[in-house]
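Residues per chain, in single letters:
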2 protein chains.
Amino acid sequence: MKLAEAKEQFIQSWGVLGSQWGINRTMAQVHALLLVASTPLSTDDIMLQLSISRGNANMNVRELMDWNLVNKVIVPGDRKEYFIAEKDIWKVATYIMQQRKKRELDPMVKVLNQLSDVEEDKKDPEVKAFTQAIENIKKFAGQADKTMDMMIKAEENWFWSNFLKLFK
Amino acid sequence: MKLAEAKEQFIQSWGVLGSQWGINRTMAQVHALLLVASTPLSTDDIMLQLSISRGNANMNVRELMDWNLVNKVIVPGDRKEYFIAEKDIWKVATYIMQQRKKRELDPMVKVLNQLSDVEEDKKDPEVKAFTQAIENIKKFAGQADKTMDMMIKAEENWFWSNFLKLFK
DNA sequence: TTTAATTTTCAAAAAGTTTTGAAAATTCAG
DNA sequence: CTGAATTTTCAAAACTTTTTGAAAATTAAA
């Protein structure tokens, strides 16, 4: 396989994977493009390589920066902005987890907490069953929360960083 | 808060969370409805409670069964089919992981493996950088794979089941 | 200051996804 | 078998999300 072909293939697959996990396909493709780029790319480069409009390119690069996955690079003597992706894939994963936890999981946990107090006959098996179901989900969410925090902090944590190396 | 109101709220939020993670909102709502139902529900119950069409209800229940999250229940002397959700939330999580790994992550890993051999000057820094990037992603995917398998098998595994209890 | 390059915005169009509902297929009691 | 109850299918409609592209805003060199 040729390099250009391999890059193309990677970008497509990364896009598909992203869209299956609720990430805009183009955003995932821009991310993939920057991940395998050997130099920083401008908006024009991105437009050209992915055949997308300026607005689309701009929007998705901006969102990738919100996610901390992409950074702006200034090239002296050049008006254009260039972009570069975080290449340490472990960092990429923790940034994504961090953001999704904050944006999506935390609001769900907040709702779950509000649902705990059903102000009705607490002897009613209907009520009991519901409260129990919610409690279980909350307990699980709490665990997942801790696991994520643990992984996010793993790099700064001797025990975990060494422990996880066992699985590499 | 009243029970009915709390259920409603839970169903809505579960639907939103699902759609953020690439799961059809209605499918997530049907799942939520069955999760907090105190008895098995028929297609008509689901249609009525979520205000959706028969086709939609049928389709999403069927897909939830494909995911192993919902099972059919036969009520003797009743022609209708009834449905019940897996209520052990740890099992729910592992089923989902299992399926998504198989359907979405494994195909990505397969593509990554094909991308490893770029038949071009392996001294070219361009080629080297790409190969390195792909290798890193593969290494990470391998880790993630192992972690998932580990969690999926955790229940059958003394060490992990006890270890994970530390975080409850 | 200009002014030209560049980035951002956003309404409208295109594309993609989900839902409906009625017809077809299936099931099963009598 | 027959026929009523139930489930499944799927083309068309509704809805949602993404993309475009040109105009407005911003930036910085001259």
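Residues numbered from 1 in each chain as written. Chains lettered and ligands numbered in written order. Predicted model: local features only at pLDDT ≥ 70, side-chain atom pairs only at ≥ 80, totals over all residues. Heavy atoms only, no water.

Peer 1: What am I meant to see in the relation of the copies chain A and chain B here?
Peer 2: Copies of the same chain, two in number, are related to each other by a rotation about an axis and a translation along it. Rotating chain A by 180° and moving it 0.0 Å along the rotation axis overlays it on chain B with an RMSD of 0.1 Å. Such a turn and shift between the copies fits a two-fold axis. When C-alpha distances to the rotation axis are compared across chain A, the minimum falls at Gly22 of chain A, with a value of 2.1 Å. (Least-squares fit on C-alpha atoms with pLDDT ≥ 70 in both.)

Peer 1: I keep staring at the protein's contact with DNA strand C and nothing clicks. Help me out?
Peer 2: Surrounding DNA strand C, one finds 15 residues, the nearest of these being Asn58 and Arg62 of chain A together with Thr26, Ser53 and Arg79 of chain B. A share of 60% of the atoms of DNA strand C within 4 Å of the protein falls on sugar and phosphate groups. Within the side chain of Arg79 of chain A, a nitrogen or oxygen atom sits 3.0 Å from a base nitrogen of DNA strand C. Contact between DNA strand C and Glu81 of chain A: a phosphate oxygen at 2.8 Å from a main-chain N or O atom of the residue. Among the elements of the structure, helix H4 (54-66) of chain A together with helix H4 (54-66) of chain B are those that each provide at least two residues to the surface near DNA strand C. It is H4 of chain A that provides the largest number of residues to the surface near DNA strand C, a total of four residues. Counted by class, the surface near DNA strand C contains one nonpolar, eight polar and six charged residues. (Near = heavy atom within 4 Å. Polar contact = N/O pair within 3.5 Å; in protein donor to acceptor, adjacent residues only side chain to side chain. Helix = DSSP H or I, 4+ residues; strand = E, 2+ residues; numbered from the N terminus. Nonpolar A, V, L, I, M, F, W, Y, C, P; charged D, E, K, R; others polar.)

Peer 1: For this particular structure, what's the right way to read the nonpolar core?
Peer 2: The tendency in soluble globular proteins is for nonpolar side chains to be buried as a group. With 86 residues, the main nonpolar core has Phe10 and Ile46 of chain A together with Phe10 and Ile46 of chain B as its most contacted residues. In this structure Phe10 of chain B touches Met108, Leu112, Leu115, Ile134 and Ile137 of chain A together with Ala32, Leu35 and Val36 of chain B, once residues within four positions along its chain are discounted. (Core = buried A, V, L, I, M, F, W, Y, C linked by side-chain atoms within 4.5 Å. Buried < 20%, exposed > 50% of the residue type's maximum accessible area, 1.4 Å probe, protein only. Contact = heavy atoms within 4.5 Å.)

Peer 1: I would appreciate a short explanation of helix H2 (residues 25-35) of chain A in the present structure.
Peer 2: Two residues of an α-helix separated by three or four positions point the same way, owing to the 3.6 residues in each turn. For H2 of chain A, the tally of buried residues reaches 10 of 11 residues, placing the bulk of the element in the interior. Within H2 of chain A, burial applies to Thr26, Met27, Ala28, Gln29, Val30, His31, Ala32, Leu33, Leu34 and Leu35 of chain A.

Peer 1: Where do I start with helix H3 (residues 43-50) of chain A in this structure?
Peer 2: Residues and elements named next belong to chain A. Among all positions in H3, only Thr43, Ile46, Met47 and Leu50 are buried. Projection of H3 onto a plane perpendicular to its axis shows the buried side chains occupying an angular sector of 100°, all on one side. On its buried face, H3 sits against helix H1 (3-20), H2, strand E1 (41-42), H4 and strand E3 (81-85). Among the residues trailing H3, Ser51 stands out with phi positive, at a value near 55°. (Arc of directions from axis to C-beta.)

Peer 1: Just checking my understanding: could you explain the environment of Lys80 of chain B for this structure?
Peer 2: Residue and element names in this part refer to chain B. Along the chain, the position of Lys80 falls in the loop between strand E2 (70-74) and strand E3 (81-85). Since its relative accessible area comes to 39%, Lys80 is described here as partly exposed. Sequence separation of Lys80 and Leu35 is 45 residues, and the distance between their C-alpha atoms is 20 Å. Setting aside its immediate chain neighbours within four residues, Lys80 contacts Ser42 and Asp44.

Peer 1: Is there a simple way to explain the interface of chain A and chain B in this structure?
Peer 2: Accessible area lost on assembly of the parts is the figure often given for the size of an interface. Every contact between the two is made by 46 residues of chain A and, on the other side, 46 residues of chain B. Summing both sides of the interface, chain A and chain B together bury roughly 4900 Å²; the carbon and sulfur share of this comes to 74%. Connecting chain A to chain B are two salt bridges. The partner of Lys7 of chain B in a salt bridge is Glu126 of chain A, with the nearest N and O atoms 3.6 Å apart. Across the chain A-chain B interface, the total number found is 10 residue pairs in polar contact (both at pLDDT 80 or more). Those elements giving two or more residues to the side of chain A that touches chain B turn out to be H1, helix H5 (89-115), helix H6 (125-153) and helix H7 (158-165) of chain A. (Buried area = accessible area lost by both parts, 1.4 Å probe. Salt bridge = Lys/Arg side-chain N within 4 Å of Asp/Glu carboxyl O.)

Peer 1: Can you help me understand the pattern of salt bridges in this one?
Peer 2: Close approach of charged atoms allows side chains of opposite charge to pair. One pass over the structure, following the stated rule, counts 17 salt bridges over all chains. Note that Glu81 of chain B is salt-bridged to Arg62 of chain B, the shortest N-O span being 3.7 Å. Here Arg62 of chain B lies in helix H4 and Glu81 of chain B lies in strand E3, a separation of 19 residues in the sequence. Each of Arg62, Lys72 and Glu81 of chain A takes part in salt bridges that share partners, so that together they form one network.

Peer 1: Is there a simple way to explain the protein's contact with DNA strand D in this structure?
Peer 2: Near DNA strand D there are 15 residues, and of these Thr26, Ser53 and Arg79 of chain A together with Asn58 and Arg62 of chain B occur at the shortest range. Atoms of DNA strand D within 4 Å of the protein: sugar and phosphate make up 62%, bases the balance. Asn56 of chain A is positioned with one of its side-chain polar atoms (N or O) 3.2 Å from a phosphate oxygen of DNA strand D. Residue Arg79 of chain B places a side-chain N or O atom 3.1 Å away from a base nitrogen belonging to DNA strand D. For the surface near DNA strand D, the elements supplying multiple residues, two or more each, are H4 of chain A together with H4 of chain B. In terms of residue count, the dominant contributor to the surface near DNA strand D is H4 of chain B (four residues). For the surface near DNA strand D, a count of residues per class yields one nonpolar, eight polar and six charged.

All quantities given are derived from atomic positions and should not be read as evidence of function.
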